[in-house]
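What the coordinates show
Chain by chain, the residues:
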Amino acid sequence: MSAITTTAKVRAVTGNQAVALAMKQIDPDVVAAYPITPQTDVVQTFSQYVADGAVRAEFVTAESEHSAMSACIGSAAAGARTMTATSSAGFALMWEVLFVAASMRLPLVMTTVNRALSGPINIHCDHSDSMGGRDTGWLQIYNEDAQEAYDATVMSFPIAEHAAVRLPLMNMYDGFIISGAIGPLVPLSDGQVQAFVGEAPPYKHLLQPNDPITVGPFDGLHGWYFEHKIAQNRAMEAALPVIQETYDRFAELTGRRYHHLMTYGMEDAEVALVVIGSAAGTARSVMKQLREEGIKAGIVKIRTFRPFPTEELARVLSGVKAVGIMDRADSYGAQGGPLYLEVLAALYQRDVQAKTVNFVYGLGGRDLFPQNIEDAFRTLEAAAGGADLPYYRIYLNMKGE
Amino acid sequence: MDWCTEGTPSLVTAPVVTRHPRALESVATHYCPGCGHGITQRLLANALDELGVRERTVGVAAIGCSVLIYNYLDVDFQELPHGRAPAGATGIKRARPDLVVFTYQGDGDLAAIGTAEIVHAAARSENITVIFVNNCVYGMTGGQMAPTTLVGQRSETCREGRDPKLHGYPVRVAEMLATLDGAVYLERVSVTHPENVKAAYRAIRKAFAYQLEDRGFSLVEVLSPCPTNWGMTPSEAVRWIDEVVSRYYPLGVIKDCAPVHFAHLLEHPPAESPGAKLHGFHYETVAGPEADESGRLTRPQQPFGRRGGRWTAISSKDFQPESRPESGSQAESGGAAGSAGDPTPEDP
């Protein structure tokens with residue numbers, strides 16, 4: 001992350017506290033949620049703000065995530081700024097209604113604290129929840145640390161509510177690794193957040209008694225369902241520049257500059273790792289050590305995953321000899337994890353010639369050690385020198401054979 | 001292994017007061033001091049031992065603190081997502097009716113995210129046993145307000161206490177299920193004092209005995225202390241159950257009867273059926289013979305404790321040591337159904 005220029009006091013907070021603070025400063029109209037580890041204390045901390053009278057938000061303790069998201073859809077369709085948070089199985093239980101939120105073009109904002117899906121039950125981090133939801137029609141932003149998660153939350157409504165976008169947005173960060181670990185946060189003032197978020201632009205398709213409409217009715221064989229879906233994709237395309245504009249506007253305020261892709265050492269990189277989430281920090285520190293050895297290593301951290309920044313990624317990776325794509329989720333029976341498939345398609349389509357391999361790591365919270373990253377870079381270095389790369393995934397830090 | 005006698009020669013001549021249940025694993029517990037799960041699981045193990053069904057019992061574990069029962073009971077377990085245990089148990093029981101199938105669920109599971117599953121398992125009168133551990137709070141996630149949290153009770157997401165204007169009212173699961181014809185046996189117990197623990201054991205054993213008799217859906221609601229999330233000492237938590245919680249959730253048999261199937265009702269109109277009286281879509285069993293002419297068993301039913309009444313907030317000011325839950329609920333119900341309060345177990 002670039003240098004922090006603001007003089008605000010640095011606070012030591014968990015990722016969840018950081019996001020709860022951002023929610024408080026945004027002060028949405030409605031928050032409806034259900035507890036699930038490791039998300040729980042985002043909403044629990046927010047409920048403290050409610051109890052303290054620090055926010056005006058209507059706070060609904062739903063009986064399940066399915067109901068929580070349905071309540072959010074209702075309130076957003078009525079024109080209220082609405083937020084929620086979830087993880088893992090809660091995310092999966094929301095599945096049905098996630099599609100509804102996106103197709104109704106409701107600018108909800110959800111924090112997804114990444115956690116493995118059952119079974120066996122596992123409460124620790126991997127990306128199988130939100131990666132599984134990559135085709136729900138939601139905008140997806142992945143964050144590396146508490147500061148990024150906070151900033152992304154502040155930037156969410158201006159993106160989601162933009163007239164050209166009108167799509168729900170989810171912010172991800174890694175369960176426990178970021179959600180529960182204490183890290184530095186430079187918060188904005190309440191006034192700065194309120195000014196940055198601003199008022200929602202007017203939108204006519206809301207539930208209003210004087211202008212009656214029905215949202216999401218039956219639209220079958222002879223209707224416009226197909227075109228409706230195309231419109232959703234157009235909104236996704238439109239979101240890409242809107243997200244960058246919002247990142248830029250945020251940089252003017254804070255000096256913290258974000259891009260769809262954050263690159264480190266990519267100016268002259270011969271081998272590169274594409275990562276997402278908290279693993280970027282470990283990867284970066286290993287990359288720096290390897291560069292001291294003379295290995296031209298680089299890191300591409302993907303922040304904006306939906307819409308996928310294809311053009312930008314192809315540009316960044318052109319000229320790289322070997323690319324390792326790091327997936328914290330797997331796609332069973334597919335040629336690789338979700339990020340791998342996405343990157344591979346982008347490279348092929350833009351005719352970028354680079355050797356590629358898929359590293360799958362960290363499922364169910366399995367540690368990713370610097371040594372694992374180093375092994376990955378050594379594999380890429382050998383490939384850059386002419387060695388073959390396996391077509392199948394390479395699992396990092398796997399027990400046994 | 002008999003822990004009371006083996007390896008302790010000096011105690012060989014002493015009378016055996018208790019034995020470690022075969023169905024209970026000999027491992028250390030992870031539950032917090034003062035938690036009711038340990039007692040409840042021990043009672044469950046005792047019941048499986050006494051009925052001799054351990055080798056053919058399958059448990060279905062839920063999500064929450066209750067989930068770790070699979071570390072403590074020596075029976076096969078299926079783990080399912082939050083709230084889905086009754087549906088999973090349905091599948092197991094339908095595929096293998098010879099197995100004894102139970103679910104072990106907390107209130108954050110059964111009374112919240114799993115409301116649909118429990119209602120419909122009861123409505124279908126699935127021949128399963130449900131142990132419902134109610135501690136009025138989401139335990140494992142750290143003490144958030146649950147649907148069962150009492151009015152006025154503080155939790156992490158209602159710091160000033162549950163306010164009906166904001167959060168509505170607690171759900172009385174056993175009473176709610178009692179309106180379903182498919183629910184055969186519903187009893188609420190607590191694991192606070194020895195006499196309550198004994199009653200809890202009789203109820204749990206009976207719920208399994210009914211399954212062995214193929215009677216249909218049974219549920220035992222166990223009021224269980226959670227000192228950690230209630231912010232109390234274990235003894236305060238026990239007192240709070242006795243003096244406050246069991247006033248809102250009265251102890252005792254909520255419903256105890258054999259299901260009367262619709263086809264049976266057609267063949268035997270209510271007037272002719274000595275055990276059942278039809279009221280609209282519902283029926284109520286009334287005091288009558290143990291079995292009707294078709295051999296179906298009908299049992300006296302205890303009417304609900306506070307039916308139709310508007311609940312008023314209970315706070316710590318309402319601590320009334322003399323108020324015993326069972327007597328309170330019976331007094332209000334007008335003493336109908338003769339032997340209704342009798343918790344005597346049905347031995348198979």
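Residues numbered from 1 in each chain as written. Chains lettered and ligands numbered in written order. Predicted model: local features only at pLDDT ≥ 70, side-chain atom pairs only at ≥ 80, totals over all residues. Heavy atoms only, no water.

Side note on the overall build of chain B
As a reminder, the rule being used: The secondary structure listing takes helices from DSSP runs of H or I that are at least 4 residues long and strands from runs of E that are at least 2 residues long, numbered from the N terminus. Three exposure classes are used, based on accessible area relative to the maximum for each residue type with a 1.4 Å probe and protein chains only: buried under 20%, partly exposed in between, and exposed over 50%. Here, residues are in contact when the closest pair of their heavy atoms is within 4.5 Å. Each accessible area is a Shrake-Rupley estimate made with a 1.4 Å probe; only the visible protein chains count as cover when residues are assessed.
Secondary structure summary: chain B contains 11 helices and 9 strands in total. Buried residues in chain B amount to 55% of all 348 residues. Across chain B, contacts joining residues at least 24 apart in sequence account for 69% of those joining residues at least 6 apart. Surface summary for chain B: the accessible area is close to 14,800 Å², and the carbon and sulfur share equals 55%.

Digging into the layout of surface pockets
Filter applied, for reference: Definitions used for this entry: grid spacing 1 Å over protein atoms alone; cavity, a set of points where a 1.4 Å probe fits but cannot get out; pocket, an open set with protein on both sides within 12 Å along at least 5 of 7 lines; lining residue, one with an atom within 4 Å of a point. Grid points are joined across faces, edges and corners, and a volume is the space filled by probe spheres set on the points. Gly is placed with the polar residues, together with every amino acid not listed as nonpolar (Ala, Val, Leu, Ile, Met, Phe, Trp, Tyr, Cys and Pro) or charged (Asp, Glu, Lys and Arg).
A volume near 700 Å³ is recorded for the largest pocket. Forming the boundary of the largest pocket are 38 residues, of which R115(A), I63(B), G64(B), H82(B) and M140(B) lie nearest the centre. Secondary structure elements with two or more residues in the lining of the largest pocket: α4 (88-103) of chain A together with α3 (107-113) of chain B. Tallied by class, the residues present in the lining of the largest pocket amount to 20 nonpolar, 13 polar and 5 charged.

Observations concerning the sheet that holds strand β7 (residues 252-256) of chain B
Residue and element names in this part refer to chain B. For clarity, the threshold we go by: At least two bridges found by DSSP between two strands is the condition for calling them paired. Between N-to-C directions, angles cover 0 to 180 degrees, with each direction set by a line fitted to C-alpha atoms, over the stretch in contact for helices.
The 7 strands lie next to each other as β2-β1-β3-β4-β6-β5-β7, forming an open sheet whose pairing is mixed. A strand with exactly one partner marks an edge of an open sheet, and here the two such strands are β2 (76-79) and β7. Recorded for the sheet is a direction-independent mean angle of 15° between the axes of neighbouring strands. Bridge count for strand β1 (residues 57-61) against β2 is 4 bridges, and the pairing is parallel.

Here's the deal with the packing of aromatic side chains
To keep it simple, the criterion reads: Paired rings are identified among Phe, Tyr and Trp, the last through its six-membered ring, by centres lying within 6.5 Å, and are further divided according to the angle between planes into stacked (under 30 degrees), edge-to-face (over 60) and tilted (the rest). Over a ring means this: the NZ of a Lys or the CZ of an Arg is within 6 Å of the ring centre and within 35 degrees of the ring normal.
Applying the stated criterion across every chain, the model contains 16 aromatic pairs over all chains. Centroid distance F305(A) to F308(A): 5.6 Å. Interplanar angle 85°. Geometry classified as edge-to-face. A ring pair is formed by Y248(B) and Y249(B), whose centres lie 5.0 Å apart and whose planes are at 90°; its orientation type is edge-to-face. Here the two residues Y248(B) and Y249(B) agree in accessibility, since each one is buried. Clustering of aromatic rings is evident, with ring pairs tying together F196(A), Y247(A), F250(A) and Y258(A). In this structure, R284(A) is placed above the aromatic ring of Y264(A), and the distance from its NZ or CZ to the ring centre is 4.6 Å. When the ring centre of Y258(A) is taken as reference, the NZ or CZ atom of R303(A) above it lies at 4.4 Å.

Side note on the interface of chain B and chain A
Rules: Once two parts are put together, the accessible area they lose, assessed with a 1.4 Å probe and summed over both, is termed the buried area. Salt bridge, as used here: a side-chain nitrogen of Lys or Arg that lies within 4 Å of a carboxyl oxygen of Asp or Glu.
Facing the 17 residues of chain B at the interface are 17 residues of chain A. Taken over both partners, the interface formed by chain B and chain A buries close to 1,300 Å², and the fraction arising from carbon and sulfur atoms is 60%. The tally of links between chain B and chain A comes to 0 salt bridges.

Section: the environment of S66(B)
Residues and elements named next belong to chain B. Along the chain, S66 falls in the loop between β1 and β2. Spatially, the C-alpha atoms of S66 and Y31 are 9.6 Å apart, while their sequence positions differ by 35 residues. Ignoring any residue separated from it by four or fewer positions in sequence, one finds S66 in contact with Y31, H37, Y104, Q105 and G106.

Focus on the pairing of β7(B)
Residue and element names in this part refer to chain B. Among the 5 residues that make up β7, 5 are buried, leaving the element largely enclosed by the rest of the structure. Pairing geometry for strand β5 (residues 183-190) and β7, over 4 bridges, is antiparallel. Bridged to Y185 within β7 is D256.

Section: the pairing of strand β7 (residues 169-174) of chain A
Residues and elements named next belong to chain A. The condition that has to hold: Think of it like this: strands point away, you trace from the first strand over the helix to the second, and a clockwise trace means the crossover is right-handed.
Most of β7 sits out of view: 6 of its 6 residues are buried. Both faces of β7 are covered, namely the face carrying L169, N171 and Y173 and the face carrying M170, M172 and D174. Looking at chain direction, strand β5 (residues 109-114) and β7 are connected through 6 bridges and run parallel. Directly across from T111, in β7, lies its bridge partner N171. In this sheet, β7 lies alongside strand β6 (residues 139-142) in parallel orientation, the contact comprising 4 bridges. Paired with I141 across the strands is N171, a residue of β7. Considered for its hand, the β-α-β crossover made up of β6, helix α6 (residues 146-160) and β7 is right-handed.

Describing the domain arrangement of chain A
All names here are of chain A. This is how it is decided: Domain limits in this description derive from either an automatic procedure or a database domain assignment.
According to the domain assignment, chain A consists of domain 1 (11-203 + 225-254) and domain 2 (261-395). Here the C-alpha centre of domain 2 lies 27 Å away from the C-alpha centre of domain 1. Opposite the 27 residues of domain 1 that make contact, domain 2 presents 24 residues. Counting each side, the surface lost to burial between domain 1 and domain 2 is near 2,100 Å², with a carbon and sulfur contribution of 55%. Considering only the surface of domain 1 that becomes buried against domain 2, R134, Y142 and E144 emerge as the three largest contributors, covering 28% of it.

Brief notes about the state of the cysteines
The test is simple: Working definition: a disulfide is two cysteine sulfur atoms within 2.5 Å of each other.
Considering all chains together, one arrives at 0 disulfides over all chains under this definition. C72(A) takes part in no disulfide bond, and the closest cysteine sulfur, belonging to C158(B), lies 19 Å away. This cysteine, C226(B), is not joined by any disulfide, and C65(B) carries the nearest cysteine sulfur, 6.5 Å off. The class for C226(B) is buried, based on a relative accessible area of 10%.

Re a nonpolar patch on the surface
For clarity, the threshold we go by: Patch construction takes residues with relative accessible area above 30% that form no salt bridge. Like charges are linked within 9 Å, and nonpolar side chains (Val, Leu, Ile, Met, Phe, Trp, Tyr) are linked within 5 Å.
Taken together, I121(A), I123(A), F176(A), I177(A) and Y70(B) make up a surface patch of nonpolar side chains, about 360 Å² in accessible area. Locating I123(A) in the fold gives a position in the loop between β5 and α5 (128-132).

A look at the environment of P107(A)
Residue and element names in this part refer to chain A. Along the polypeptide, P107 turns up in the loop between α4 and β5. Owing to a relative accessible area of 10%, P107 belongs among the buried residues under this scheme. C-alpha separation for the pair P107 and T82, spaced 25 residues apart in sequence, amounts to 8.0 Å. In this structure P107 touches F157, A160, E161, R166, L167 and P168, once residues within four positions along its chain are discounted.

Things to note about unusual backbone geometry
All names here are of chain A. Cis geometry is found at the peptide bond from T37 to P38, where omega equals 0°. Tracing the backbone through its elements, the reader meets P38 in the loop between β2 (30-33) and α2 (40-51). Residue G119 is reached from S118 by a cis peptide bond, and omega for that bond is -5°. Mapped onto the elements of the fold, G119 is located in the loop between β5 and α5. Of note in this structure, D27 is not a glycine but carries a positive phi near 50°. Among the structural elements, D27 can be located in the loop between α1 (15-26) and β2. Although it is not a glycine, D351 sits at a positive phi angle of roughly 55°. With relative accessibility at 57%, the residue D351 sits in the exposed group.

Observations regarding the pattern of salt bridges
Residue and element names in this part refer to chain A. Throughout the structure, instances matching the rule amount to 32 salt bridges over all chains. For R81, the salt bridge goes to E161, with nearest N and O atoms at 2.8 Å. Of the two residues, R81 sits in the loop between α3 (65-77) and β4 (82-86) while E161 sits in the loop between α6 and β7, which places them 80 residues apart along the sequence. Taking relative accessible area as the criterion, E161 reaches 5% and is therefore assigned buried.

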